[in-house]
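Structural description and commentary
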Amino acid sequence: MFDPRSLLLTLATLQGAQAWGSLGHATVAYIAQNYLDDTTAAWAKGVLNDTSDSYLANIASWADSYRATTAGKWSAPLHFIDAEDSPPTNCNVDYARDCGSTGCSVSAIANYTQRVGDGRLSAANTAEALKFLVHFLGDITQPLHDEALDKGGNTITVTFDGYSSDNLHSDWDTYIPQKLVGGSTLSDAQTWANELIASIDSGSYKSVAPNWIKGDDISNAVSSATAWASDANAFVCSVVMPDGVAALQQGDLYPDYYNSVIPTIELQIAKGGYRLANWLNSIYSANIAKSKRDGEIMVSKKDVDLSGRSFLPPPIPLSDAKRKRAAAGFGCNHRH
Ligand SMILES: *[C@@H]1O[C@H](CO)[C@@H](O)[C@H](O)[C@H]1NC(C)=O
Ligand SMILES: *[C@@H]1O[C@H](CO)[C@@H](O)[C@H](O)[C@H]1NC(C)=O
């Protein structure tokens, strides 16, 4: 019998990695679209040359297709930060320890935040920066994108919903969300986004959503993004593997484990979208609207180094975990 899942797996392997699968990223994007100011939305549509109702959702997984190309391979480490903590007893993120000299999601968010609002880059480079931001603000809310253990769970083999050769990372990215939503098209993402938007506007997230963006500051992007990574990484200890790795390999993760993690997955997707909107609104009002008003790039900006190197942590000797990631080409085992 035709098994759509095996086709999906084949496609995922052929196309390389998926982080939060395309469903999760598109959902984050639709939630963000809902909370963008009109002026920010018009700017983003212009940058992306897309005036459709899916202008952010359409490019939300671009970074995954790009990293799977020869030209885009360099960007693979930017999809995660490998926290070298020790779950489930101790979870934490330390930027200087964990980011790595080739960069990580946190340095990438700082880099593309600076680049997208600078005004001196080509249209193509500005669009690249926006596409990366839309993607990385999604990735960073997935707990296993903020964890070094077993390459972010990529080498933890588990059984989910009858499939015995899944890995924990791809279950979190893709298969658990798809099981919940029942598909992975843009229309599935829009439906899921609408439910989460309703929870933010008038449901169970209403009282907590302001905390999701508290302290976020585009002029201190490294510390803001490190806080997001820490927030998600804490779930590795409390929700992803509260009883350690071996406990996840005792039987099918469906339905008990699945039921225990769904609330966190929904929370993190909602958070990612809400944060992304606030982040882009802030970039627009602080940089783009301002430089439009001033008519030209501010003089002080001309000195800004757009390579992003200044955001990287000071170099330290490679840890075992980072050596292994590098040896695996930052992603051979990953479907993220
Ligand atoms: C923008 O998109 C339109 C059609 O969707 C296309 O014809 C045009 O060439 C694009 N412009 C740029 C600058 O890419
Ligand atoms: C910043 O972005 C540019 C363009 O993608 C890239 O070449 C550069 O390596 C990035 N810098 C860091 C530190 O990630």
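Throughout this document, residue positions are counted from 1 along each chain, in the order its sequence is written. Labels follow written order: the first chain is A, the first ligand is 1, and so on. Per-residue local features are limited, in this predicted model, to residues with pLDDT of at least 70; the limit for side-chain atom pairs, both in listing and counting, is 80 or more; totals at the level of whole chains, interfaces and linings are taken over all residues. For side-chain calculations, the full set of non-hydrogen atoms in the structure is used, while hydrogens and water are omitted.

Concerning the site of ligand 2
- Only heavy atoms are used to decide nearness, and a residue is near a molecule or strand if one of them lies within 4 Å of it. Taken together, W74, N111, Y112, R115, E128, S307, G308 and L312 form the complete shell of residues around ligand 2.
- A distance of 2.7 Å separates a nitrogen atom of ligand 2 from a polar atom in the backbone of S307.
- Relative to its unbound accessible surface of 360 Å², ligand 2 loses 75% to contact with the protein.
- Among the elements that line the shell around ligand 2, the one with the most residues is helix α6 (residues 105-116), at three residues.
- The nonpolar class holds Ala, Val, Leu, Ile, Met, Phe, Trp, Tyr, Cys and Pro. Asp, Glu, Lys and Arg form the charged class, and all remaining residues, Gly among them, are polar. Its residues placed into classes, the shell around ligand 2 shows three nonpolar, three polar and two charged. Identification of polar contacts relies on pairs of N or O atoms within 3.5 Å, with a donor-acceptor requirement for protein atoms, meaning one able to donate a hydrogen and the other able to accept it, and with residues adjacent in sequence counted only if both atoms are side-chain atoms. Computed with the Shrake-Rupley method and a 1.4 Å probe, the accessible areas treat only the protein chains shown as cover for residues. Numbering of helices and strands runs from the N terminus; a helix is a DSSP stretch of H or I covering at least four residues, while a strand is a stretch of E covering at least two.

A short note on the packing of aromatic side chains
- When the centres of two rings from Phe, Tyr and Trp lie within 6.5 Å, Trp using its six-membered ring, the rings pair. Their planes under 30 degrees apart give stacked, over 60 give edge-to-face, and anything left gives tilted. By the definition in use, this model includes 15 aromatic pairs.
- Taken together, a centroid distance of 5.8 Å and an interplanar angle of 85 degrees make the contact between W212 and Y274 edge-to-face. Here W212, found in helix α11 (residues 209-212), pairs with Y274, found in helix α13 (residues 256-294); they are 62 residues apart in sequence, far enough to count as distant. Judged on exposure class, the residue W212 and its partner Y274 are both buried.
- Three or more aromatic residues joined by ring pairs make a cluster, and in this case those are W62, Y66, W74, Y112, F132 and F136.
- Between K131 and the ring centre of W62, over which it is positioned, the NZ or CZ distance is 4.3 Å.
- Whether a charge sits over a ring comes down to the Lys NZ or Arg CZ being within 6 Å of the ring centre and within 35 degrees of the ring normal. Its guanidinium or amino end placed over the ring of Y254, K179 lies 4.6 Å from that ring's centre, counting from NZ or CZ. With a 1.4 Å probe rolled over the protein chains alone, any residue whose accessible area is under 20% of its type maximum counts as buried; one over 50% counts as exposed, and the rest are partly exposed.

A word on the environment of S107
- One can find S107 in helix α6.
- Residue S107 is classed as buried on the basis of its relative accessible area of 5%.
- With 204 residues separating them in the primary sequence, S107 and F311 have C-alpha atoms 5.7 Å apart.

These figures come from the coordinates and say nothing about function on their own.
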